[in-house]
Amino acid sequence: MKRSPRPCAALLGVVLPAVTSASEAAAGGGPGPLGVTVAAGVTAATVRVGALFDADDAEGPGGLAGTHSCTASVVRGPHRDLLVTAAHCLSGQGPLVFVPGYRDGKAPYGVWKVERDFLPDGWAEGHDEDSDVAFAVVGEKGGKGVEDVVGGNRFVTRTDVGASVVTVTGYPDSRETPLTCTNRPRSHSRTQQRIDCPGLSGGTSGSPWVNGFGEVVGVLGGHEQGGATDDISYSVVLGAEAAALYRRAAASDP
C-alpha cells in the first residue's frame with residue numbers, strides 16, 4: 001500500500017540498481033537509464049506533479065513540510081483545473097490541497113484546494129483494485145486554473161502496456177522532494193500493469209506514468225494499492241471505465 005497512513009519527515013536514501021539500458025530509455029523518450037530512481041529535477045514536466053496534503057495540516061502552524069500522503073498530477077481539461085491520482089488517495093479523506101512542484105516545505109506554484117473528486121463506481125461500491133484511479137477538480141487562483149500555471153499532460157486510455165517506456169514521478173512521504181524513475185511497464189494481468197523502480201514507497205500512490213509523448217498512460221495504484229514493496233509498483237490498465245470517468249470530470253462545471 002503506497003498511500004501514506006501518516007506523515008513522516010525523515011529522509012530516506014534512494015537505492016540505485018544496476019543500469020539496464022540508457023539507449024532504450026532515450027529512444028522511448030525517457031530521461032536516462034531504465035530502472036534507476038533518482039531525485040527529480042525542476043523541469044516543465046516535474047512541476048505538473050505535486051503532493052496532496054490534508055487541508056487542515058497545510059493551513060496549520062507547522063506549514064506544509066512533512067504532512068503529504070499521496071501524489072497527484074495535472075492533466076489537460078477544458079476548464080484547466082483537473083488532477084489525476086489514485087482512487088484510494090481520495091476515498092474517505094477529508095479536505096485536501098494540491099501543491100504542484102512541492103519542495104522542502106515550499107509551494108512555488110501555489111496551494112490549490114481540491115473542490116470535487118470523481119471516483120469510479122467500481123471503487124466507490126467495492127474498492128475494486130481494477131478501478132483505483134480518480135480525478136479531482138481544484139479551484140482557481142487569481143482567475144487562473146492550475147493548468148494555466150504549470151501545464152498539464154494528456155490523459156490517454158487504451159494504450160498497449162509496454163508500448164513505450166514511462167517515467168514515474170512521485171513524493172514518498174519520507175522525503176520533501178520528488179523522486180523519478182523511467183522503465184518499461186509489463187503486464188501483471190489483463191487489468192493491471194507493473195513497473196520495476198526502486199524506492200517508490202508510501203506517498204507515491206497517484207504518481208503519473210508518463211510516456212515520451214507527454215501522455216499519462218498509468219497511475220500508481222491498483223494491485224495492492226500500488227504495491228506491497230518499494231521496488232515494484234502497479235497501475236490499473238486504463239480502459240473504458242477510466243475514459244468515462246475522465247469525460248465526466250472534464251465536463252463538470254468549474
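Before reading further, recall that the structure is shown in the block above.
1. Some words on the sheet that holds strand β15 (residues 232–236)
Thought 1: Taken together, the three strands give an open sheet; going across it, the order is β11-β12-β15, and neighbouring strands pair in antiparallel fashion. Among the strands making up the open sheet, the edge pair consists of β11 (186–187) and β15.
Thought 2: Taken together, the five bridges between strand β12 (residues 192–196) and β15 define a ladder with antiparallel strand orientation. Bridged to Q192 within β15 is V236.

2. Digging into the packing of aromatic side chains
Thought 1: Taken as a whole, this structure holds five aromatic pairs when the rule is applied.
Thought 2: Ring plane angle 70 degrees and centroid distance 5.1 Å describe the contact between F53 and Y102, whose orientation is recorded as edge-to-face. Highlighted residues: F53 in strand β2 (residues 49–54) and Y102 in the loop between β5 (96–100) and β6 (112–118), separated in sequence by 49 residues.
Thought 3: With relative accessibility at 0%, the residue F53 sits in the buried group.

3. So, the sheet that holds strand β9 (residues 166–170)
In a beta sheet, neighbouring strands are held together by backbone hydrogen bonds and run either parallel or antiparallel to one another.
Thought 1: With mixed pairing, six strands are arranged side by side in an open sheet as β1-β10-β9-β13-β14-β8. Since the sheet does not close on itself, it has two edges, and those belong to β1 (36–39) and β8 (154–155), each with one partner.
Thought 2: Of the pairings in the sheet, the one linking β8 to strand β14 (residues 215–219) comprises two bridges and is parallel in character. Paired with F155 across the bridge in β14 is V216.

4. A few points about the pairing of β14
Thought 1: Of all the five residues making up β14, five are buried; the element is thus mostly covered by neighbouring parts of the structure.
Thought 2: One ladder, built from three bridges, connects strand β13 (residues 208–211) with β14; its direction is antiparallel. Within β14, the position partnered with V210 by the bridge is V216.

Reading guide: rules and limits
- Residues numbered from 1 in each chain as written.
- Predicted model: local features only at pLDDT ≥ 70, side-chain atom pairs only at ≥ 80, totals over all residues.
- Heavy atoms only, no water.
- Pairing = 2+ DSSP bridges.
- Helix = DSSP H or I, 4+ residues; strand = E, 2+ residues; numbered from the N terminus.
- Phe/Tyr/Trp six-rings, centres within 6.5 Å; stacked < 30°, edge-to-face > 60°.
- Buried < 20%, exposed > 50% of the residue type's maximum accessible area, 1.4 Å probe, protein only.

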